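# Descriptive analysis of the structure
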Amino acid sequence: MAKYFDVHPDNPQARAIAQVGRVLRDDGLIAYPTDSCYALGCRIGNAKGLDRIREIRHLGSDHHFTLICRDFAQLGQFVQINNAVFRAVKAATPGSYTFILPATREVPRRLLHPKKKTVGVRIPEHAVTSAILAELGEPLLSSTLLLPGEEEPLTQGWEIKERLDHVVDAVIDSGECGTVPTTVIDLSGGEPEILRVGAGDPSRFE
(Lines give C-alpha, C1' and ligand atoms only; values in the text may rest on other atoms or scores of the structure.)
Protein backbone atom coordinates (compact mmCIF):
# COMPACT_ATOMS: atom_id res chain seq x y z
CA MET A 1 0.00 0.00 0.00
CA ALA A 2 1.40 3.39 -1.03
CA LYS A 3 2.10 6.13 1.49
CA TYR A 4 0.03 9.26 0.87
CA PHE A 5 1.43 12.75 1.41
CA ASP A 6 -0.83 15.81 1.23
CA VAL A 7 1.67 18.57 0.50
CA HIS A 8 1.07 22.31 0.13
CA PRO A 9 1.73 23.31 -3.52
CA ASP A 10 3.57 26.54 -2.69
CA ASN A 11 5.03 25.91 0.76
CA PRO A 12 5.70 22.16 1.00
CA GLN A 13 5.99 20.90 4.56
CA ALA A 14 9.60 20.00 5.40
CA ARG A 15 8.60 16.90 7.38
CA ALA A 16 6.62 15.44 4.48
CA ILE A 17 9.41 16.18 1.99
CA ALA A 18 11.94 14.49 4.30
CA GLN A 19 9.72 11.39 4.39
CA VAL A 20 9.47 11.38 0.59
CA GLY A 21 13.26 11.60 0.46
CA ARG A 22 13.53 8.50 2.66
CA VAL A 23 11.17 6.59 0.37
CA LEU A 24 13.35 7.47 -2.62
CA ARG A 25 16.63 6.64 -0.86
CA ASP A 26 15.14 3.26 0.07
CA ASP A 27 14.72 2.68 -3.69
CA GLY A 28 11.00 3.44 -3.67
CA LEU A 29 8.94 4.60 -6.63
CA ILE A 30 6.83 7.73 -6.21
CA ALA A 31 4.02 9.49 -8.07
CA TYR A 32 4.61 13.22 -7.75
CA PRO A 33 3.43 16.56 -9.21
CA THR A 34 5.37 18.73 -11.64
CA ASP A 35 4.58 21.97 -13.47
CA SER A 36 3.10 19.86 -16.29
CA CYS A 37 1.34 16.66 -15.18
CA TYR A 38 2.02 14.11 -12.48
CA ALA A 39 4.99 11.82 -13.05
CA LEU A 40 6.52 8.59 -11.81
CA GLY A 41 9.96 9.01 -10.27
CA CYS A 42 12.81 7.16 -8.57
CA ARG A 43 16.54 7.51 -7.98
CA ILE A 44 18.81 7.27 -11.03
CA GLY A 45 20.53 4.21 -9.59
CA ASN A 46 17.27 2.37 -8.86
CA ALA A 47 17.29 -0.31 -11.58
CA LYS A 48 14.18 -2.01 -10.22
CA GLY A 49 12.40 1.34 -10.13
CA LEU A 50 13.14 1.77 -13.84
CA ASP A 51 11.70 -1.68 -14.53
CA ARG A 52 8.60 -0.81 -12.51
CA ILE A 53 8.03 2.38 -14.53
CA ARG A 54 8.38 0.39 -17.76
CA GLU A 55 5.88 -2.17 -16.47
CA ILE A 56 3.31 0.38 -15.28
CA ARG A 57 3.45 2.34 -18.53
CA HIS A 58 4.16 -0.57 -20.93
CA LEU A 59 7.22 1.22 -22.33
CA GLY A 60 9.57 -0.15 -24.98
CA SER A 61 13.36 -0.05 -24.98
CA ASP A 62 13.46 3.06 -27.20
CA HIS A 63 11.53 5.26 -24.76
CA HIS A 64 13.36 8.42 -23.71
CA PHE A 65 13.40 8.68 -19.94
CA THR A 66 13.86 12.09 -18.35
CA LEU A 67 16.18 13.24 -15.61
CA ILE A 68 14.41 15.90 -13.54
CA CYS A 69 17.12 18.27 -12.33
CA ARG A 70 17.12 20.85 -9.57
CA ASP A 71 19.14 23.48 -11.46
CA PHE A 72 21.33 24.08 -14.47
CA ALA A 73 24.54 23.07 -12.68
CA GLN A 74 23.06 19.65 -11.91
CA LEU A 75 21.71 19.26 -15.44
CA GLY A 76 25.19 19.95 -16.85
CA GLN A 77 26.62 16.90 -15.06
CA PHE A 78 24.42 14.51 -17.03
CA VAL A 79 24.26 15.86 -20.60
CA GLN A 80 26.75 17.26 -23.08
CA ILE A 81 26.06 20.89 -23.95
CA ASN A 82 27.81 23.30 -26.33
CA ASN A 83 27.51 27.08 -26.15
CA ALA A 84 24.58 27.40 -28.57
CA VAL A 85 22.60 24.66 -26.83
CA PHE A 86 23.50 26.14 -23.44
CA ARG A 87 21.95 29.47 -24.37
CA ALA A 88 18.79 27.87 -25.80
CA VAL A 89 18.20 25.61 -22.80
CA LYS A 90 19.10 28.26 -20.25
CA ALA A 91 16.56 30.68 -21.76
CA ALA A 92 13.76 28.10 -21.49
CA THR A 93 14.38 26.83 -17.95
CA PRO A 94 12.88 26.37 -15.49
CA GLY A 95 9.74 25.52 -17.39
CA SER A 96 7.63 22.98 -19.22
CA TYR A 97 10.26 21.72 -21.65
CA THR A 98 12.12 18.42 -21.94
CA PHE A 99 15.38 18.46 -23.88
CA ILE A 100 16.90 15.41 -25.56
CA LEU A 101 20.69 15.64 -25.40
CA PRO A 102 23.76 13.36 -25.57
CA ALA A 103 24.37 11.83 -22.15
CA THR A 104 27.59 11.99 -20.16
CA ARG A 105 29.16 8.99 -18.46
CA GLU A 106 27.29 9.93 -15.29
CA VAL A 107 24.11 8.45 -16.79
CA PRO A 108 23.71 4.65 -16.43
CA ARG A 109 23.53 2.91 -19.81
CA ARG A 110 20.14 1.40 -19.05
CA LEU A 111 18.63 4.91 -19.07
CA LEU A 112 19.94 5.83 -22.52
CA HIS A 113 18.22 5.58 -25.86
CA PRO A 114 19.79 2.34 -27.21
CA LYS A 115 20.90 3.84 -30.54
CA LYS A 116 21.37 7.53 -29.92
CA LYS A 117 22.90 7.36 -26.41
CA THR A 118 20.73 10.32 -25.45
CA VAL A 119 18.57 11.12 -22.45
CA GLY A 120 15.85 13.64 -21.65
CA VAL A 121 16.53 16.40 -19.11
CA ARG A 122 14.42 19.16 -17.64
CA ILE A 123 14.20 21.69 -14.82
CA PRO A 124 10.59 22.08 -13.66
CA GLU A 125 9.06 25.17 -12.10
CA HIS A 126 7.15 23.61 -9.22
CA ALA A 127 7.80 24.19 -5.52
CA VAL A 128 7.10 20.59 -4.47
CA THR A 129 9.30 19.07 -7.16
CA SER A 130 12.10 21.50 -6.29
CA ALA A 131 11.82 20.61 -2.60
CA ILE A 132 12.01 16.87 -3.35
CA LEU A 133 15.08 17.40 -5.55
CA ALA A 134 16.77 19.51 -2.88
CA GLU A 135 16.08 16.83 -0.27
CA LEU A 136 17.33 14.02 -2.49
CA GLY A 137 20.44 15.82 -3.72
CA GLU A 138 20.35 14.20 -7.16
CA PRO A 139 18.04 14.16 -10.19
CA LEU A 140 14.92 12.04 -10.35
CA LEU A 141 14.57 9.45 -13.09
CA SER A 142 11.10 10.27 -14.34
CA SER A 143 8.30 9.51 -16.78
CA THR A 144 4.89 11.15 -17.26
CA LEU A 145 2.11 9.33 -15.41
CA LEU A 146 0.23 8.32 -18.52
CA LEU A 147 -1.26 4.85 -18.21
CA PRO A 148 -1.49 2.42 -21.15
CA GLY A 149 -4.53 2.98 -23.38
CA GLU A 150 -5.34 6.37 -21.83
CA GLU A 151 -5.10 9.68 -23.67
CA GLU A 152 -4.50 11.99 -20.71
CA PRO A 153 -2.22 11.68 -17.68
CA LEU A 154 -3.71 11.18 -14.22
CA THR A 155 -4.01 14.49 -12.43
CA GLN A 156 -5.81 13.87 -9.10
CA GLY A 157 -3.73 12.62 -6.19
CA TRP A 158 -6.58 10.60 -4.63
CA GLU A 159 -7.25 8.84 -7.96
CA ILE A 160 -3.55 8.04 -8.39
CA LYS A 161 -3.53 6.55 -4.88
CA GLU A 162 -6.64 4.54 -5.68
CA ARG A 163 -5.42 3.17 -8.99
CA LEU A 164 -1.70 2.70 -8.30
CA ASP A 165 -1.83 1.81 -4.61
CA HIS A 166 -0.05 -1.52 -5.03
CA VAL A 167 2.49 -0.55 -7.71
CA VAL A 168 4.04 2.64 -6.27
CA ASP A 169 5.46 3.30 -2.80
CA ALA A 170 4.23 6.87 -2.28
CA VAL A 171 1.83 9.40 -3.79
CA ILE A 172 2.52 13.11 -3.27
CA ASP A 173 -0.68 15.13 -3.64
CA SER A 174 -0.38 18.90 -3.98
CA GLY A 175 -3.53 19.51 -5.99
CA GLU A 176 -4.18 19.34 -9.70
CA CYS A 177 -1.25 20.23 -11.95
CA GLY A 178 -2.80 19.89 -15.40
CA THR A 179 -2.91 17.27 -18.11
CA VAL A 180 -0.63 18.87 -20.69
CA PRO A 181 2.85 17.27 -20.75
CA THR A 182 6.08 19.09 -21.54
CA THR A 183 7.13 20.20 -24.98
CA VAL A 184 9.95 17.88 -26.07
CA ILE A 185 12.84 19.34 -28.06
CA ASP A 186 15.59 17.12 -29.51
CA LEU A 187 18.84 19.13 -29.50
CA SER A 188 21.14 16.15 -30.00
CA GLY A 189 21.58 16.67 -33.74
CA GLY A 190 22.54 20.33 -33.78
CA GLU A 191 19.30 21.83 -35.11
CA PRO A 192 16.28 21.79 -32.76
CA GLU A 193 13.66 19.17 -33.62
CA ILE A 194 10.27 19.45 -31.95
CA LEU A 195 9.22 15.90 -31.01
CA ARG A 196 6.11 16.82 -29.02
CA VAL A 197 4.18 20.06 -28.63
CA GLY A 198 3.01 20.44 -25.04
CA ALA A 199 2.85 23.06 -22.31
CA GLY A 200 6.02 24.93 -23.34
CA ASP A 201 5.78 27.39 -26.25
CA PRO A 202 7.54 25.63 -29.16
CA SER A 203 7.93 28.80 -31.27
CA ARG A 204 11.31 29.70 -29.78
CA PHE A 205 12.72 26.47 -31.26
CA GLU A 206 11.09 26.65 -34.69
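Details of the structure are given in the entry above.
Presented here is a report on the structure given in the accompanying data block. Here the residue numbers are simple positions, counted from 1 along each chain's written sequence. Under the rules for a predicted model, residues below a pLDDT of 70 receive no local features and side-chain atom pairs below 80 are neither given nor counted, while totals for whole chains, interfaces and linings still include all residues. As a rule here, side-chain values come from all non-hydrogen atoms in the structure, and water together with hydrogens is ignored.

## A few points about the sheet that holds strand 9 (residues 183-186)
- Pairing between strands requires that DSSP locate at least two bridges from one strand to the other. Secondary structure elements are defined from DSSP: runs of H or I of at least 4 residues count as helices, runs of E of at least 2 residues count as strands, and each element is numbered from the N terminus. As summarised here, the arrangement of the 10 strands in space is 1-8-2-3-7-4-6-5-9-10, forming an open sheet in which the pairing is mixed. Of all the strands in the sheet, the pair left with one neighbour each is strand 1 (3-6) and strand 10 (193-196). Pairwise comparison of adjacent strand axes, ignoring direction, gives a mean angle of 30° for this sheet.
- Pairing analysis gives four bridges linking strand 5 (residues 97-102) to strand 6 (residues 118-122), with the strands arranged antiparallel. Directly across from L101, in strand 6, lies its bridge partner V119. Axis lines are fitted through C-alpha atoms, for helices just across the contact stretch, and the angle between N-to-C directions can take any value from 0 to 180 degrees.

## Here we look at helix 1 (residues 14-25)
- Over its 12 residues, helix 1 extends 16 Å from the first C-alpha to the last, a length consistent with the 16 Å expected when each residue adds 1.5 Å.
- Whether two residues are in contact is decided by their heavy atoms, any of which lying within 4.5 Å being enough. Buried residues along helix 1 sit against strand 1, strand 2 (30-33), strand 3 (38-43), helix 5 (127-136), strand 7 (140-144) and strand 8 (170-173). For a helix, the expected span equals 1.5 Å multiplied by the residue count minus one.

## A closer look at the layout of surface pockets
- Space inside the largest pocket adds up to approximately 380 Å³.
- Forming the walls of the largest pocket are 23 residues, and the residues nearest its centre are H64, T66, T144, V184 and R196.
- Every element with two or more residues in the lining of the largest pocket is listed here: strand 3, strand 4 (66-68), strand 5, strand 7 and strand 10.
- The element that contributes the greatest number of residues to the lining of the largest pocket is strand 7, accounting for three residues.
- Along the lines of polarity and charge, the residues of the lining of the largest pocket split into 10 nonpolar, 10 polar and three charged. As defined here, a cavity is a set of points on a 1 Å grid over the protein atoms alone where a 1.4 Å probe fits but cannot get out. A pocket is an open set with protein on both sides within 12 Å along at least five of seven lines, and residues line them when an atom is within 4 Å of a point. Grid points are joined across faces, edges and corners, and a volume is the space filled by probe spheres set on the points. Following the grouping adopted for this structure description, the nonpolar residues are Ala, Val, Leu, Ile, Met, Phe, Trp, Tyr, Cys and Pro, the charged ones are Asp, Glu, Lys and Arg, and the polar ones are all others, Gly among them.

## Comments concerning the state of the cysteines
- Criterion for a disulfide: a pair of cysteine sulfur atoms within 2.5 Å. Under the defined criterion, the tally for this structure stands at zero disulfides.
- Among the cysteines around C37, which has no disulfide bond, C177 carries the closest sulfur, lying 6.5 Å off.
- For C69, which is in no disulfide, the shortest distance to another cysteine sulfur is to C42 and amounts to 14 Å.

## What to know about the pattern of salt bridges
- Every case where a carboxyl oxygen of Asp or Glu lies within 4 Å of a side-chain nitrogen of Lys or Arg is listed as a salt bridge. This structure, assessed with the given rule, holds nine salt bridges.
- Across the pair R25 and E135 runs a salt bridge, and its minimum N-O distance is 3.0 Å. Taken together, the residues R25 in helix 1 and E135 in helix 5 connect sequence positions 110 residues apart.
- Accessible area is worked out with a 1.4 Å probe on protein chains only. A residue is then buried under 20% of its type maximum, exposed over 50%, and partly exposed in between. Take R25: its relative accessible area is 40%, and that puts it in the partly exposed class.
- Residue D27 pairs with R43 through a salt bridge whose shortest N-O separation is 3.0 Å. Remark: R43 occurs in strand 3 and D27 occurs in the loop between helix 1 and strand 2; sequence separation between them is 16 residues.
- Owing to a relative accessible area of 35%, D27 belongs among the partly exposed residues under this scheme.
- By relative accessible area, R43 is classed as partly exposed at 22%.

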